[in-house]
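Coordinates in review
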There are 2 protein chains.
Amino acid sequence: MPEVLQNATRGLIGTARRRRDGQAKVLGQTRYVGDMPVHGLLHARPVLAAEAHAKLVSIDATAALELPGVVAVLTAKDLGLKGGSGRVAEPLAREEIVWSGQPVALVIAESDAAAEDGAALVWVEEEPLPAVLDLESAMAEDADLARVTEVAGGGDGGAGAHGAGGGEEAVTEELPPNVAVRMRIAAGDVDAGLARADAVVSGRFRTNWIHQAYIEPQSCLAWTDPDGTLAVTSSTQGAYMVRQGLCEMLGLPNDKVRVQAAPLGGAFGGKLMISEPLAAAAALKLGRPVRLVFRRSEDFAAANPAPGQLIDLELGATRDGELTAIRGRIVGDRGGLGEMGVETISAMLSAGPYRWGAHDLTAVGVATNRVSAGAYRAPGAPPAAFAVESLLDRVAGELGLDPIEFRLQNVLLAGDKGIDGQEIKVFGAQECLERVQEHPLWVGRDELPEDEGVGIALGFWPGGLEPAAAICKLDADGKLTVVTAAADMSGIENAFIAIAAETFGLDEDSVRVTTGDTASTPYGGVAGGSKVTYTYGRAIERAASEARERLLRVASTELEIAPEDLELVDGEVRPLGSPGRGVKIADLAAKTYTFGSPHEPIEGYGGVAQVSRAPGAAAHLSHVRVDRETGGVTVLGHVIAQDVGKALNPALVEGQMHGGTAQGIGWALLEELSHDENGQLKGGSFAEYALPSTDQVPPIETLIVEVPAPDGPFGAKGIGEPPVCGVPAAIANAIAAASGARMQELPMSPMRVWTALQS
Amino acid sequence: MPEVLQNATRGLIGTARRRRDGQAKVLGQTRYVGDMPVHGLLHARPVLAAEAHAKLVSIDATAALELPGVVAVLTAKDLGLKGGSGRVAEPLAREEIVWSGQPVALVIAESDAAAEDGAALVWVEEEPLPAVLDLESAMAEDADLARVTEVAGGGDGGAGAHGAGGGEEAVTEELPPNVAVRMRIAAGDVDAGLARADAVVSGRFRTNWIHQAYIEPQSCLAWTDPDGTLAVTSSTQGAYMVRQGLCEMLGLPNDKVRVQAAPLGGAFGGKLMISEPLAAAAALKLGRPVRLVFRRSEDFAAANPAPGQLIDLELGATRDGELTAIRGRIVGDRGGLGEMGVETISAMLSAGPYRWGAHDLTAVGVATNRVSAGAYRAPGAPPAAFAVESLLDRVAGELGLDPIEFRLQNVLLAGDKGIDGQEIKVFGAQECLERVQEHPLWVGRDELPEDEGVGIALGFWPGGLEPAAAICKLDADGKLTVVTAAADMSGIENAFIAIAAETFGLDEDSVRVTTGDTASTPYGGVAGGSKVTYTYGRAIERAASEARERLLRVASTELEIAPEDLELVDGEVRPLGSPGRGVKIADLAAKTYTFGSPHEPIEGYGGVAQVSRAPGAAAHLSHVRVDRETGGVTVLGHVIAQDVGKALNPALVEGQMHGGTAQGIGWALLEELSHDENGQLKGGSFAEYALPSTDQVPPIETLIVEVPAPDGPFGAKGIGEPPVCGVPAAIANAIAAASGARMQELPMSPMRVWTALQS
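All values reported here derive from a predicted model rather than from experimental measurement.

1. Observations concerning the overall build of chain A
Along chain A, the regular secondary structure elements total 20 helices and 28 strands. Its C-alpha atoms give chain A a radius of gyration of 27 Å, within 12% of the compact-globule value 27 Å for 759 residues. Projected onto the principal axes, the alpha-carbon positions of chain A cover approximately 85 × 75 × 50 Å. In chain A, buried positions account for 63% of the 759 residues. For chain A, the proportion of contacts with a sequence separation of at least 24, taken over those separated by at least 6, is 81%. Positive and negative side-chain charges of chain A, numbering 62 and 101 respectively, have mean locations separated by a distance of 4 Å.

2. A word on the environment of glutamate 95 of chain B
Structurally, glutamate 95 of chain B can be placed in the loop between helix H3 (86–89) and strand E4 (96–97). Setting aside residues no more than four positions away along its own chain, glutamate 95 of chain B makes contact with Ala54, Lys55, Leu56 and Thr149 of chain B.

3. Some thoughts on helix H16 (residues 585–592) of chain A
Residues and elements named next belong to chain A. When we look at burial in H16, the residues that qualify are Ile585, Leu588, Ala589 and Thr592. The arc enclosing the buried residues of H16, seen along the axis, measures out at 100°, which places them on a common side. Check the buried side of H16 and you find it contacts strand E18 (468–474), helix H15 (532–559), strand E21 (566–569), strand E22 (572–575) and strand E23 (583–584).

4. Some remarks on the sheet that holds E18 of chain A
Residues and elements named next belong to chain A. A sheet is described by the order of its strands in space; here four strands give the open sequence E20-E19-E18-E24, paired in mixed fashion. Looking at the sheet topology across the chains shown, the edges are occupied by strand E20 (511–515) and strand E24 (603–608). When the angles between neighbouring strand axes are averaged without regard to direction, this sheet yields 20°. In this structure, strand E19 (residues 480–484) lies alongside E20, joined through five bridges in parallel fashion. The residue bridging threonine 484 from the neighbouring strand is threonine 515, located in E20. In the packing of H15 onto the sheet, contacts are made with E18, E19 and E24, and the angle to E24 comes to roughly 150°.

5. What about the packing of helix H14 (residues 492–504) of chain A against H15 of chain A?
All names here are of chain A. H15 packs onto H14 with a crossing angle of 35° between their chain directions and a minimal axis gap of 8 Å. For the pair H14 and H15, the crossing hand works out as right-handed. For the pair formed by H14 and H15, the contact residues are Ile492, Ala495, Phe496, Ile499, Ala500, Thr503 and Phe504 on the first element and Val532, Thr533, Tyr536, Gly537, Ile540, Glu541, Ala544, Ser545, Ala547, Arg548 and Leu551 on the second.

6. Concerning the pairing of strand E13 (residues 290–293) of chain B
In terms of strand pairing, strand E1 (residues 42–48) of chain B meets E13 of chain B through two bridges, oriented parallel. Looking across to E13 of chain B, one finds that histidine 43 of chain B is bridged to arginine 291 of chain B.

7. Focus on the domain arrangement of chain A
Reports often express the size of an interface as the amount of accessible area lost when the parts come together. Residues and elements named next belong to chain A. What the domain assignment lists for chain A is domain 1 (3–29 + 466–608), domain 2 (35–129 + 218–293) and domain 3 (309–461 + 615–758). Each of domain 1 and domain 2 was reduced to a C-alpha centroid, and the two centroids are 39 Å apart. Residue-level contacts link 17 residues of domain 1 with 17 residues of domain 2. Carbon and sulfur atoms make up 60% of the surface buried where domain 1 meets domain 2, a total of about 1200 Å² over both sides.

8. A few points about the interface of chain B and chain A
Listed as interface residues are 59 residues of chain B and, on the opposing side, 59 residues of chain A. Interface of chain B and chain A: buried area, both sides summed, is about 4400 Å²; carbon and sulfur atoms make up 58% of it. On the surface where chain B and chain A come into contact, there are six salt bridges. We note a salt bridge from arginine 243 of chain A to aspartate 475 of chain B, for which the minimum N-O separation is 2.8 Å. Where chain B packs against chain A, one counts 25 residue pairs in polar contact (both at pLDDT 80 or more). Sorting the residues of the side of chain B that touches chain A by element identifies helix H7 (239–250), strand E18 (468–474), strand E19 (480–484), strand E20 (511–515), helix H16 (532–559) and strand E24 (603–608) of chain B as the ones contributing at least two each.

9. Considerations on the packing of helix H11 (residues 381–399) of chain B against helix H12 (residues 403–410) of chain B
Residues and elements named next belong to chain B. Following both chains from N to C, one finds H11 and H12 inclined at 115°, their axes separated by 9 Å at the closest point. By the angle class used here, H11 and H12 are roughly perpendicular. Viewed along their axes, H11 and H12 form a crossing whose handedness is right-handed. Packed against H11, whose contacting residues are Glu389, Leu392, Asp393, Val395 and Ala396, the element H12 presents Pro403, Phe406 and Arg407 at the interface. Across the contact of H11 with H12, the residue classes tally to five nonpolar, no polar and three charged.

10. What about a nonpolar patch on the surface?
Residues and elements named next belong to chain A. Where nonpolar side chains cluster on the molecular surface, the patch consists of Leu129, Leu145 and Val148 and spans about 220 Å² of accessible area. Within the secondary structure layout, leucine 129 lies in the loop between strand E6 (123–128) and helix H4 (135–138). Judged by relative accessible area, which is 30%, leucine 129 ranks as partly exposed.

11. Some details on helix H20 (residues 750–758) of chain A
Residues and elements named next belong to chain A. Three or more residues of H20 are buried, namely Val753, Ala756 and Leu757. Relative to the axis of H20, the buried residues are bounded by an arc of 100° and lie together on one face. As for H20, its buried residues are in contact with strand E25 (616–626), strand E26 (633–643) and helix H19 (727–739).

The rules behind the values
- Residues numbered from 1 in each chain as written.
- Chains lettered and ligands numbered in written order.
- Predicted model: local features only at pLDDT ≥ 70, side-chain atom pairs only at ≥ 80, totals over all residues.
- Heavy atoms only, no water.
- Helix = DSSP H or I, 4+ residues; strand = E, 2+ residues; numbered from the N terminus.
- Rg over C-alpha atoms; globule rule 2.2 N^0.38 Å.
- Buried < 20%, exposed > 50% of the residue type's maximum accessible area, 1.4 Å probe, protein only.
- Contact = heavy atoms within 4.5 Å.
- Lys, Arg positive; Asp, Glu negative; His and termini not counted.
- Charge placed at Lys NZ, Arg CZ, Asp CG, Glu CD.
- Arc of directions from axis to C-beta.
- Pairing = 2+ DSSP bridges.
- Axes fitted to C-alpha atoms, helices over the stretch in contact; angles between N-to-C directions.
- Left-handed = near helix turned anticlockwise from the far one by under 90°.
- Domains from an automatic or database assignment.
- Buried area = accessible area lost by both parts, 1.4 Å probe.
- Salt bridge = Lys/Arg side-chain N within 4 Å of Asp/Glu carboxyl O.
- Polar contact = N/O pair within 3.5 Å; in protein donor to acceptor, adjacent residues only side chain to side chain.
- Parallel < 35°, antiparallel > 145°, perpendicular 65-115°, else oblique.
- Nonpolar A, V, L, I, M, F, W, Y, C, P; charged D, E, K, R; others polar.
- Patch = residues over 30% accessible without salt bridge, like charges linked within 9 Å, V, L, I, M, F, W, Y side chains within 5 Å.
- Areas by Shrake-Rupley, 256 points an atom, 1.4 Å probe, with all protein chains shown as cover.

So this is what it looks like as structure tokens:
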């Protein structure tokens, strides 16, 4: 048992337990933002632009305003915008429309029906401009401009939220007109490295826009308190982040905005400040509660899906299996607002978790007229792994090396430095590779039928960091309440309870979790970057430990025994090894809740700022069959071995592994948010957007690898994002193994596979 | 400057500042419970009993339920009662009605009008029983019973909330049927003491029921969250106390009840669990939001006013001015539910803040059929002071002693033990007496016209204690937010801000105060017993200090200078004595609110359990004119010298001194909640209940005395209750000085004074 687990004695750490929020969600009891009853509520409906690129000539709201029930039609100038950047600075188009679907006005009405009818009556005059849609040509010096007027505020939203950071340098030369940013990460002599390689392979990898496909659409409810405070509850991943964004956007001090994260019906990185700016500005303007819940079609057209990418990558290796050099250009589509560049993270991850003799990776963010870009579970990672893991397989093939041995030879180990220059403290990629190496599917891969194949790929995720804090307080009934600002995106309640219960010394049922609003809750970061358990969890550990000390002090006074001679057993504090002489925790708690009590409240505060990353890794084996007639690919089986540090609750860990793999299968084979040549979105419903259905997801075998993270609570590390990263690459390598076809574009649809098979 | 103030350098401590919540209240912007817009709200209206004492035969709701809009008519058995004591255990009468006005049913309707109409249609069949109304005869062995059936739960509610505790012992002999409790506080040989006295005086003092007369009536809004949590926001003095009461009453765990203290439109001790049990039980039963806001008449008839008391007191002194002994019986009316006995506190305070050779004081709580008793600003203290201070004046008169010199000779000093046996650490009664002794009104009292007189009295209040905690958190904009569970009854926001700002090192405008709900806020006690500033204030001091340390650590890292070499000046952290080299606090704060920040949140937690009381005292001089023809008393002037420890904000301190004195004038001359011989309340509106109006309150001269409390924040102590205690006594002594009439019943109405003048 690793040292970090020595004090985990209650059996909560490492035991599968039911997801706490599951039952209410399954029974339909959870009240999402769209379900909340609100007195005097106004309903908002956005009016979306038709053209992909146009001058916004005028907006005529006359007919809409004549409709009974319509209260207002707001345009950008009505929103009281004071600052912010990216989409926060421009929640409605100003003079220029930069994508088809961009919100240009907001109709506010007494009923949802009136708002919808009103939105249909708003007349938006748009003067078309050339639409920039192709990433490659958009980068040319003489390209049409994706945006003519200046961007309000400036770009780069939440890239850092998901784990980027360190190592990159800005490229300062003059950029072509549509290029928003260019960053370069380089070290060593790449030309020399490639020259001395025994084999060099290269490829151009293209991935298309895909949507996070959360079940609950973007939604926000906003109102003003009588003292003028703007109150917001929204389907968000970060209450404090929304507060900060709204304060900047509306020019308000922090205490004049109060945000509570509502229950989330899925988010996956996409729920950060899409609906809030609109609902909040409207509520502030009109002085009444306003709710905006996107329709599914609006969410497809106007939210912030994951951007398309274009990755050119070249790498070399020696016959001995040494990786000599890697060079690449990683282009990311930033859409019309220059927001949320994933290309920097993607460039970093394009080197994979491997040691290179030299590297030279350039990230390029390009403005186009395709929606506004957002984060999606491990943003930029699946395309990066798709590129590098495909090429590693190819170079191994050319050199006759075993794909897993080759990876094991080069994979980063504890003590190595990543390409960001930071030393890796602990890393389980090696262990993951070793686990799949011995798996029967890999061992027996050569005995499969001719049209079947098994692919291997390694995905990794550096892990995000952000300060967090928590309070633990012992209630009068002897139960412990954990308070944080964390939005619960993935069942964190379970982990929080396990950490607090183990640390304090209580049963699971004696701990509960609550999320306050930003007015009263200690600070904590966004649920994103696979960092909630790693950061909040540690804060909870500290808070629970401090509260435990206070309990022992109370018990010490009551029992007249030194705290160090006391222990917590079975809901009692008792002298060490003296079962009959204990005092119930509930009785001690009650003693602090009385007039004249000499005991301080039994509470604790914990704050953390983790500085050491705990990167996560997952190795995938995918077993596919390729239909040479149709190009159809069937995933027959899938194995994932993931290093999770310590599985606090294996049931939820496996849930993340399952979910990430399933989403990876969507990336690999099905999902694409495609536009026609005029930039018009094709489709806008789940009937047309192909998510993997249950018959397309095979049984997924989960192998939990535990390489404890020294700074994580009980050794745990972030587990949400690593499982998705390597899936498209593993499936691509499996397709190659089954058919010889080397796919270089996602999704690997039947048409694309069939085309590849023909060449 | 006392030591405790050495670190108060920003000029906030001791400077008069505007009350923070004042403007919104004056402008009508404050949203009280009754103003909150609620979707799907149900309105509750109580049905009140007619008889003062009766068997509750039946309740027929047929006609009410037929009324459109009426949703339910709830009786006691519908409330799901599981426990609690006193009124909490019996929010609606069960089989027996014990006062006229007792709620017997609750009509719930879609509109307030329908609820009111419904309540009028509920037919309550009551079978009259003899009503017990007179305190004296109620104590007889053969008295009629004020209550036939057993009391649910048992008595004694919140006495301790207001400062009682220590010294008393329960009397264990068999009690007469209506006597709920009898406690005795005794030491020394009283008989011997009285025997060796040169003068012994005695009297029977009667005080009548009076109402707290808050402007906003009792009100509560309750609903259930989708997860079944009972959510309550009410006009209450204590969020956690309401939570505890509701949990006991409804048999719920602490986390299934969430309470937020709403803005208070006055409370004065009376707002603790009157409306909450009804609204909460109804909301839980019906699954919809329910609001109950008492009408004024209901609040007079059915809330919990201050009980009548009957005090027999006898004391002796020597010619040298030594107080030899005091003996007394202090009877308190506990009404029909045996709730909230003030008699124990009153017995303790009947000895005044003086040294006695011997004392023997017995407290008796008696059940009657007069409403349910509650706390009112310094519960039990004004009657006690009325008795003892009247007798002290009389005995001084008989012995030819100067009333103030006589008191100064005997008043408790630091190091003395009170009659509760506890040593007094610090006490400013002496200083208060000395201040009024030199006042021109006192010095020139013998030169007044014949029908005028000046009276002196000393009032004191031991001060309540209860654990409290606070969080201070630095927001990203560099401002500090203070979070506690404290209800703001008296402008505590100002004190909290001053304490936090001075401790942390910020300007007043850079600190804000917020009150969360019990789900997320650290624990803290009731606003009552003059203890909020003393306890919460200390917790805030600790929390701000801890947050400051964290700020200095962040600055230390950023500036690479040891924390002890840094100082906070003008919103900056800078190297000691280096003005040009500072970093803005806001910039440091912002550094903690970013992804990958290496800094912990700049927050602090502070918990306290004060164990040393800081008793408050106020000496009053009252100047009256007595009209011998009518018995009318006019207060011409009033001086109050109060020891406040340290006046954090003199404007608010003076406000408390003014308000307490004005309420004391009401006690003395005007207020009486009287019942006829059948126990029917006479009147039930402010038209009939005589509160002192502005023309009846003279200019009040406030003399602030500062004897710092070593354990109070910046030396402050509780100031809310002391100013009211001595007012009726001072006016009674002034009436005696002006007219020779010795009043022994409150209020000293013209009829009573005229009658006294005749004898």
